[in-house]
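Residue strings, one per chain:
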Amino acid sequence: MVFLLSISIMCNADDKILTEWDKIKQLGVMSVLVPLFKSTGHLPRKGFPLNYEYQLIENFAQEQGVEVNWLYVENRQSLLDMLQKGQGSLIAANLTITKDRKLNMGFTVPIRHVREQLVVGHKNDEIKQLKDLKNKKIAVRQSTSYWSTLQSIKKKIPSLKIIKVADNIETEQIVQEVIEGKYDATVVDSNLISAIMT
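Residues numbered from 1 in each chain as written. Predicted model: local features only at pLDDT ≥ 70, side-chain atom pairs only at ≥ 80, totals over all residues. Heavy atoms only, no water.

Draft legend 1. Quick look at the overall build of the chain. A tally of helices and strands in the chain yields seven helices and 11 strands. Of all 198 residues assigned to the chain, the portion counted as buried reaches 43%. Across the chain, contacts joining residues at least 24 apart in sequence account for 70% of those joining residues at least 6 apart. On the chain, roughly 11,200 Å² of surface is accessible, and the fraction owed to carbon and sulfur atoms is 52%. (Helix = DSSP H or I, 4+ residues; strand = E, 2+ residues; numbered from the N terminus. Buried < 20%, exposed > 50% of the residue type's maximum accessible area, 1.4 Å probe, protein only. Contact = heavy atoms within 4.5 Å. Areas by Shrake-Rupley, 256 points an atom, 1.4 Å probe, with all protein chains shown as cover.)

Draft legend 2. Structural view of empty space enclosed by the protein. Summed over all chains, the structure comprises three cavities of 30 Å³ or more. Along its surface, the second largest cavity is lined by 13 residues, and Arg76, Asn94, Thr144, Tyr146 and Asp189 are the ones closest to its centre. Counted by class, the lining of the second largest cavity contains three nonpolar, six polar and four charged residues. (1 Å grid on protein atoms, 1.4 Å probe; cavity = no way out; pocket = protein on both sides within 12 Å on 5 of 7 lines; lining within 4 Å. Points joined across faces, edges and corners; volume = space filled by probe spheres on them. Nonpolar A, V, L, I, M, F, W, Y, C, P; charged D, E, K, R; others polar.)

Draft legend 3. The arrangement of the nonpolar core in detail. By size, the foremost hydrophobic cluster in this structure holds 19 residues, and its most contacted members are Leu133, Ile138, Val140, Leu150 and Leu160. Residue assignment for this core shows that the elements contributing at least two residues are strand S9 (137-141), helix H5 (145-156), strand S11 (185-189) and helix H7 (190-197). With four residues, the top contributor of residues to this core is H5. Not counting the four nearest positions on each side in its chain, leucine 150 is found in contact with Ile138, Val140, Leu160, Ile162 and Val187. With 11 residues, the next largest nonpolar core counts Ile24, Val32, Val66 and Leu90 among its residues. (Core = buried A, V, L, I, M, F, W, Y, C linked by side-chain atoms within 4.5 Å.)

Draft legend 4. Here's a closer look at the layout of surface pockets. For the largest pocket, the calculated volume is near 300 Å³. Of all elements in the fold, only helix H3 (76-84), helix H4 (99-104) and H5 reach the threshold of two or more residues within the lining of the largest pocket. Here the residues of the lining of the largest pocket sort into three nonpolar, nine polar and four charged.

Draft legend 5. Inspection of unusual backbone geometry at higher detail. Within the chain, asparagine 135 stands out as a residue other than glycine whose phi angle is a positive 60°. Position of asparagine 135 among the secondary structure elements: in the loop between strand S8 (116-120) and S9.

Draft legend 6. How the structure looks around the confidence of the model for the chain. Averaged over every residue, the pLDDT of the chain is 81; residues scoring 70 or more account for 84%. Every residue in residues 1-15 scores below 50 in pLDDT, and together they form 59 contacts with partners more than four places removed in sequence or on other chains. Overall, residues 40-45 carries pLDDT values under 50, and its contacts beyond four positions in sequence, including any with other chains, amount to 19 contacts. (pLDDT = per-residue confidence, 0-100.)

Draft legend 7. Quick look at the pattern of salt bridges. Under the defined criterion, the tally for this structure stands at one salt bridge. Linking lysine 136 and glutamate 126 is a salt bridge whose minimum nitrogen-to-oxygen distance equals 2.4 Å. Residue lysine 136 is located in the loop between S8 and S9, and its partner glutamate 126 is located in the loop between S8 and S9; the two are separated by 10 residues in the primary sequence. Lysine 136 gets classed as buried once you look at its relative accessible area, which sits at 13%. Using a relative accessible area of 48% as the deciding quantity, one classes glutamate 126 as partly exposed. (Salt bridge = Lys/Arg side-chain N within 4 Å of Asp/Glu carboxyl O.)

Draft legend 8. Broad picture of H5. Buried within H5 we find Ser145, Tyr146, Trp147, Leu150 and Ile153. Buried-residue contacts for H5 involve H4, S8, S9, strand S10 (161-165), S11 and H7.

Now the structure itself:
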């Protein structure tokens, strides 16, 4: 988990170059882009990773003497797009540092290291190793790092079926659909699946 900080630059009347942090200090407000969790209201239930990030940001803002403006966004791709357009100062969400993301955004030092985990239904005893993914349907959002991970696996297992799930579908819903048998599996960060399972 990392926070993404937009590296936008603008000039003021004195032609002084302002970084995003300069703008935050000048306005006294830090706009934080956060995924909207429909099933649980604005913020996830206790135990979800965002609770920890929420508190870190609140504490940091208080130390810096700025207010936090929480901007709840319906899908992950919009988080990235809005940050790049300067509609937020940073993103608070589980986001993996990828080559593509590093080209356009700055990252903080990671505050948590997680693993991508393949999640199957409790009745599924067919998938135990990589080769068992032949002809299996794995559902993920294309905007996630899971998509590129599965694309790499597909090169080794061409019969793997990667199902593109709409960006506004929450991880919990995808996991539920795996449990119900709609898909054979999905991929979820270790901290998220741990929170979902509690």
